[in-house]
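# Chains, contacts and geometry: an overview
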Amino acid sequence: MATETLRRSGIKELLVATNLDREVLVKGWVRTRRGNKYVQFIALNDGSTIHNLQVVASAELFPEENLKDVATGASVAVRGTLVASQGKGQTVEIQALEITVLGKADPEEYPLQKKGHSLEFLREIAHLRPRTNTFGAVLRVRHALAFAVHEYFNKNGFYYVHTPIITGSDAEGAGQMFRVTTLAPEHPPRTADGSVDFSEDFFGKPTNLTVSGQLEGEIAAMALGKIYTFGPTFRAENSNTARHLAEFWMIEPEMAFYELEDNMDLAEDFLKSLVRYALAHCADDLQFLNDQYDKELLVRLNSVVETEFQRLTYTEAVEILKTAKQKFEFPVGWGTDLQSEHERYLVEKHFKKPVILTDYPKEVKSFYMKLNEDGRTVRAMDVLFPGIGEIIGGSQREEDYTKLITRMAEMHVPAEDLWWYLDLRKFGTAPHSGFGLGFERLVLFVTGMANIRDVIPFPRYPKNAAF
Ligand code: 4AD
Ligand code: MG
């Protein structure tokens, strides 16, 4: 049969195929070629799975000098017979009949010619690192988790809402914002008093990249009941940590008629369901990551799925931290925000399971969180995960117009910018709640990678926007 009439098969399906001894066509990238003067073995990967397909090229059909371009990194098409493998390590292999090099990769130049590059080095070749086993695994897990997010919400009656990426309100206060402008930085138009004249800007006013879709999400929740957003968010903080990105994806459900308890129940069920999905659908990739990077990974993932999260108040947590034997870099006292060392002590040392902390002092949280009757704390909730710290931040929202406008004044949030947000409290207000899950923090947790820069294809962080 000629190559043209054969339909290409994916390697993932071929590796589990049961109808053997037939001719197949595969295309992919060469991972390795080795062998002797009688036979050459080519490990072929097409990205569909972490596993390679072994192509056997006999010297009779393929003298070694004809295979020179079948080198690590080259893309090839192979026509051959799918047979039960005689060797160890795979159940099927292809006896090659025809090998066509589609794209060469000069071994002298190809950066992935050798294995074992550091993750730091791979960040500098973000255009090639998806071809490594590690990033292939991470990207497939990332895909599966994104799909699971949509599936979970769709199944549970939530509507997906698209909130704007360019925002005219800079009032959320979740972090420093990136400005969006078409004004020339060297010669911006100026008003009579010398300040920049934003009426000449594209939108006729200052605009920024959003830090969160929440406030617009609340608009939708007050109409559709249960909604979620899933989009990119941007924070111009100078946070050079393994947990922060300047551009990250956030999932933000928002639910009318939900109180804090309901919000916590949803967050716990949601997280467990996502981890369960990954365990069920990414077994090979997770096994690879477990063996390669983090021997506790699968144990940890299974334990999160099975364990009830520990729920306690901020005030209770501070009491535990004050009596902890461990020395902290930052002192703990009621009224200060918890540092990641404190969060991780609670999760990893004290409770040894995920923790949901609630009812934080109002001073350390955002203006929109519902004030408790004590007048000092708000109905906030942070979900803390092993190895990660905060993975979710959320709250019940203040639905009372007078209380909200009072909090805004106290926290210097300009009411005139958020007139529409206040309107939600004037017309048919209702208790409602929501939270934000940092998607990369979730991928970090599920893959067991150590640095958030290695779970997004093109990480943005201070002084880095290459690619
Ligand atoms: O706690 P945050 O700032 O909450 C909000 O933005 C709310 N508007 C969410 C809501 O209630 N709808 O951020 C939510 C989550 C954090 O828990 C963390 O997982 C992630 O977003 N996150 C980051 N992830 C990566 N890089 C950063 N710089 C992040 N900042 C927050
Ligand atoms: Mg937070």
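Residues numbered from 1 in each chain as written. Chains lettered and ligands numbered in written order. Predicted model: local features only at pLDDT ≥ 70, side-chain atom pairs only at ≥ 80, totals over all residues. Heavy atoms only, no water.

Moving on, we get to the overall build of the protein. Each helix and strand in the protein was counted, giving 12 helices and 16 strands. Over its C-alpha atoms, taken along the principal directions, the protein stretches across nearly 85 × 60 × 45 Å. Put simply, the protein has 467 residues, and 51% of those count as buried. Only carbon and sulfur atoms are counted for the fraction: they give 52% of the accessible area of the protein, which is about 22800 Å². A gap of 5 Å separates the mean positions of the 53 positive and 65 negative side-chain charges of the protein. (Helix = DSSP H or I, 4+ residues; strand = E, 2+ residues; numbered from the N terminus. Buried < 20%, exposed > 50% of the residue type's maximum accessible area, 1.4 Å probe, protein only. Areas by Shrake-Rupley, 256 points an atom, 1.4 Å probe, with all protein chains shown as cover. Lys, Arg positive; Asp, Glu negative; His and termini not counted. Charge placed at Lys NZ, Arg CZ, Asp CG, Glu CD.)

Now for the site of ligand 1. Surrounding ligand 1, one finds 23 residues, the nearest of these being Gln214, Arg235, Glu252, Glu390 and Ile391. Within the backbone of Ile391, one N or O atom sits 2.8 Å away from an oxygen atom of ligand 1. At 2.9 Å, a side-chain N or O of Arg397 approaches an oxygen atom of ligand 1. In isolation ligand 1 exposes 630 Å². Once the protein is present, 92% of that is buried. For the shell around ligand 1, the elements supplying multiple residues, two or more each, are strand 11 (247-256), strand 15 (389-396) and strand 16 (432-438). (Near = heavy atom within 4 Å. Polar contact = N/O pair within 3.5 Å; in protein donor to acceptor, adjacent residues only side chain to side chain.)

Between side chains of opposite charge, a pair can form as their charged atoms come close. Throughout the structure, instances matching the rule amount to 23 salt bridges. A salt bridge links Arg460 to Glu247, with the shortest nitrogen-to-oxygen separation between them at 4.0 Å. Taken together, the residues span a long stretch of sequence, with Arg460 in the segment after helix 12 (439-447) and Glu247 in strand 11 at a distance of 213 residues. Via salt bridges that share partners, Glu218, Glu254, Arg397 and Arg425 belong to a single interconnected network. (Salt bridge = Lys/Arg side-chain N within 4 Å of Asp/Glu carboxyl O.)

This brings us to the domain arrangement of the protein. We note that the domain assignment places domain 1 (3-103) and domain 2 (129-176 + 211-454) within the protein. Taken over C-alpha atoms, the centre of domain 1 sits 45 Å from the centre of domain 2. Taken together, the contacts link eight residues of domain 1 with eight residues of domain 2. Buried surface at the junction of domain 1 and domain 2, summed over both partners, amounts to about 600 Å²; 41% is from carbon and sulfur atoms. The interface formed by domain 1 and domain 2 holds four residue pairs in polar contact (both at pLDDT 80 or more) in total. Grouping the constituent residues of the side of domain 1 that touches domain 2 by class yields two nonpolar, five polar and one charged. (Domains from an automatic or database assignment. Contact = heavy atoms within 4.5 Å. Buried area = accessible area lost by both parts, 1.4 Å probe. Nonpolar A, V, L, I, M, F, W, Y, C, P; charged D, E, K, R; others polar.)

This part takes up the environment of Ala317. Locating Ala317 in the fold gives a position in helix 8 (residues 314-322). For the pair formed by Ala317 and Leu338, sequence separation is 21 residues and the distance between their alpha carbons is 9.5 Å. Residues within four places of Ala317 in sequence aside, it is in contact with Leu312, Leu346 and Leu357.

Below, the discussion takes up the packing of helix 6 (residues 283-292) against helix 7 (residues 297-306). Helix 7 packs onto helix 6 with a crossing angle of 125° between their chain directions and a minimal axis gap of 8 Å. By the angle between their axes, helix 6 is oblique relative to helix 7. Listed contacts from helix 7 to Leu286, Gln287, Leu289 and Asn290 of helix 6 are Leu297, Leu298 and Leu301. When its residues are assigned to classes, the contact of helix 6 with helix 7 shows five nonpolar, two polar and no charged. (Axes fitted to C-alpha atoms, helices over the stretch in contact; angles between N-to-C directions. Parallel < 35°, antiparallel > 145°, perpendicular 65-115°, else oblique.)

This part covers the sheet that holds strand 2 (residues 39-45). The mixed closed barrel is built from five strands, whose spatial order is 1-2-3-5-4. Direction aside, neighbouring strands of the sheet carry axes that sit 55° apart on average. (Pairing = 2+ DSSP bridges.)

Pairing within the open sheet is antiparallel, and its three strands lie in the order 7-9-8. The open sheet has two free edges, formed respectively by strand 7 (166-167) and strand 8 (179-180), since each of these has just one partner strand. Looking at chain direction, strand 7 and strand 9 (residues 207-209) are connected through two bridges and run antiparallel. Residue pairing across strands places Ile166 opposite Leu209, the latter belonging to strand 9.

Okay, the side chain of Asp454 next. With respect to the helices and strands, Asp454 occurs in the segment after helix 12. Looking at Asp454, its side chain comes within polar contact range of the side chain of Arg129, at 3.3 Å. With residues near it in sequence (within four places) discarded, Asp454 still touches Leu119, Arg123, Arg129, Phe135, Val138 and Met449.

Another point: unusual backbone geometry. With phi around 55°, Asp359 is a residue other than glycine that occupies positive phi space. By the secondary structure assignment, Asp359 is in strand 13 (residues 355-361). Residues other than glycine seldom take positive phi values, yet Lys463 does so here, at roughly 65°. Inspection of the secondary structure puts Lys463 in the segment after helix 12. Given a relative accessible area of 87%, Lys463 falls into the exposed group.

On the surface, Ile165, Ile166, Phe202 and Phe203 cluster together into a nonpolar patch covering about 400 Å² of accessible area. Summarising the element assignment, Ile166 is placed in strand 7. Overall, Ile166 belongs to the partly exposed group, its relative accessible area being 38%. (Patch = residues over 30% accessible without salt bridge, like charges linked within 9 Å, V, L, I, M, F, W, Y side chains within 5 Å.)

Moving on: the pairing of strand 13. Of all the seven residues making up strand 13, seven are buried; the element is thus mostly covered by neighbouring parts of the structure. As paired elements, strand 12 (residues 310-313) and strand 13 share four bridges and run parallel to each other. Bridging from a neighbouring strand, Gln310 pairs with Val355 of strand 13. Direction of pairing for strand 13 relative to strand 14 (residues 377-385): antiparallel, over a ladder of six bridges. Counterpart to Pro361 in the pairing with strand 14 is Thr377.

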